[in-house]
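# Chains, contacts and geometry: an overview
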Amino acid sequence: MALRIKQLREARGWTQEVLAARSGMSRSQLAMIERETRPANTIRLNAIAGALGVSTEDLFESNPRERALLELIRLLPSEDVEALIRVAEGLAAKSQA
């Protein structure tokens, strides 16, 4: 998550000072979150995500293919999700054999 916050910040060309100000926290607090020396609580994560213009979930996902897959899965009815899980488990077992 810390790396993802840094990636999103740098992609916008922002310094830690800019993101911290937009998130309503000090630069030192943000620096500790990015270095993972201080845990980020939900309030801080929501503030950071809001400042970056992304969902809080986006702070945890760095792979666009995984994100796209998760978005598609969320659109499926629960019985189809269960079927998809069984197929994925079968494929994973096959690839480990």
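Each remark here, short or long, concerns the structure printed above.
A short tour of the structure in this document, coming up.

Parameters at a glance
- Residues numbered from 1 in each chain as written.
- Predicted model: local features only at pLDDT ≥ 70, side-chain atom pairs only at ≥ 80, totals over all residues.
- Heavy atoms only, no water.
- Core = buried A, V, L, I, M, F, W, Y, C linked by side-chain atoms within 4.5 Å.
- Buried < 20%, exposed > 50% of the residue type's maximum accessible area, 1.4 Å probe, protein only.
- Helix = DSSP H or I, 4+ residues; strand = E, 2+ residues; numbered from the N terminus.
- Contact = heavy atoms within 4.5 Å.
- Salt bridge = Lys/Arg side-chain N within 4 Å of Asp/Glu carboxyl O.
- Axes fitted to C-alpha atoms, helices over the stretch in contact; angles between N-to-C directions.
- Parallel < 35°, antiparallel > 145°, perpendicular 65-115°, else oblique.
- Polar contact = N/O pair within 3.5 Å; in protein donor to acceptor, adjacent residues only side chain to side chain.
- Left-handed = near helix turned anticlockwise from the far one by under 90°.

Next up on the list: the nonpolar core. By size, the foremost hydrophobic cluster in this structure holds 16 residues, and its most contacted members are I5, L19, L30, I48, L52 and L59. No other element matches the five residues that helix α4 (residues 42-52) contributes to this core. Beyond its immediate chain neighbours, meaning those up to four positions away, I5 contacts L19, L30, I33, E34, L45, I48 and L59.

When their charged atoms lie close together, side chains carrying opposite charge are able to pair. Using the criterion set out here, one finds four salt bridges in the structure. The partner of E57 in a salt bridge is R74, with the nearest N and O atoms 2.7 Å apart. On the criterion of sequence distance, the pair formed by E57 in the loop between α4 and α5 (64-75) and R74 in helix α5 is long-range, its members being 17 residues apart. Where salt bridges share partners, they join R9, E10 and E34 into one cluster.

For the pair helix α2 (residues 16-23) and helix α3 (residues 27-34), interaxial distance at closest approach is 8 Å and the crossing angle is 110°. Of the possible angle classes, the one that applies to α2 and α3 is roughly perpendicular. In this structure, α2 uses Q16, E17, L19 and A20 to contact α3, whose residues at the interface are R27, L30, A31 and E34.

Quick look at the side chain of Q16 now. Relative to the helices and strands, Q16 resides in helix α2. For Q16, a relative accessible area of 18% corresponds to the buried category. Those residues in contact with Q16, other than ones at most four positions away along the chain, are R9, R27, L30, A31 and E34.

Attention now moves to the side chain of R9. By the element assignment, R9 lies in helix α1 (residues 2-11). For R9, the side chain forms a polar contact with the main-chain oxygen of W14, separated by 2.9 Å. For R9, the contacting residues outside a window of four places in its chain are W14, T15, Q16, L19, L30, E34 and L52.

On to the packing of α2 against α4. Taken N-terminus to C-terminus, the directions of α2 and α4 make an angle of 110°; their axes are 8 Å apart at the nearest point. As summarised for this structure, α2 and α4 are arranged roughly perpendicular, according to the angle between their axes. As for how α2 packs across α4, the hand of that crossing is right-handed. When α2 is examined against α4, the residues L19, R22 and S23 are found in contact with a partner set consisting of A47, I48, A51 and L52.

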